[in-house]
Amino acid sequence: LNTMKKLLLILLCVPLIGLGQDVEERIVLIKKMYKETNELSKNSNDDCKEIKEIRYSIPGDIYSRPIVTKIKYCIYENGYSRITYRFQGLDGGQYNEYYFRYNSLYFSYLTEGGEWGDEDSRQYFNEKGELIRNLVDVGEGNKNSNTEAYLSNLQYCQRMMLLEK
């Protein structure tokens, strides 16, 4: 009976060990894909589309402080693509990069800054687009965060690209 309990415990723990290793293997693959995407962006003629939107802090007053949003979508070789989002508002800004392979999100790099300081997030996604690791740095080094994936800016970019003529 004791042997049966040990065997059952081993069988229950093996999938957990494999799951952790799969995440680590996926992260190594994502780092390789990230590097390849950036190399392709330097060495090729990019197929890119860019949108720029300028609004003013006082609507209709072009002499008031501008609020600028820039979105750029680039397609590269080997199924890679990237969406970049830049926003400069009154109190700070954001810069986000979303990386895809065959239209599947695998990594996002998010920077938010302002008077309160900067915050960087590196979000890693599995093959299904589910967040598997979220590293956040507020100036003290990367720390794993249990927050959900921050995708609202990505969804905004996708809507803007669909509406652009």
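Residues numbered from 1 in each chain as written. Predicted model: local features only at pLDDT ≥ 70, side-chain atom pairs only at ≥ 80, totals over all residues. Heavy atoms only, no water.

A. Summary view of the state of the cysteines. By the definition in use, this model includes one disulfide. Disulfide partner of Cys 48: Cys 74, at an S-S distance of 2.0 Å. Its torsion about the S-S bond being 110 degrees, the disulfide of Cys 48 and Cys 74 is classed as right-handed. Here Cys 48, found in strand β1 (residues 47-56), pairs with Cys 74, found in strand β2 (residues 66-75); they are 26 residues apart in sequence, far enough to count as distant. Look at Cys 48 and you get partly exposed, because its relative accessible area is 31%. Residue class for Cys 74 comes out buried when judged on its relative accessible area of 5%. (Disulfide = S-S within 2.5 Å. Helix = DSSP H or I, 4+ residues; strand = E, 2+ residues; numbered from the N terminus. Buried < 20%, exposed > 50% of the residue type's maximum accessible area, 1.4 Å probe, protein only.)

B. Broad picture of the confidence of the model for the protein. Chain-level pLDDT for the protein is 83 on average; 82% of the residues reach the 70-or-more range. Counted against residues more than four places away or in other chains, residues 4-19, with its pLDDT under 50, gives zero contacts. (pLDDT = per-residue confidence, 0-100. Contact = heavy atoms within 4.5 Å.)

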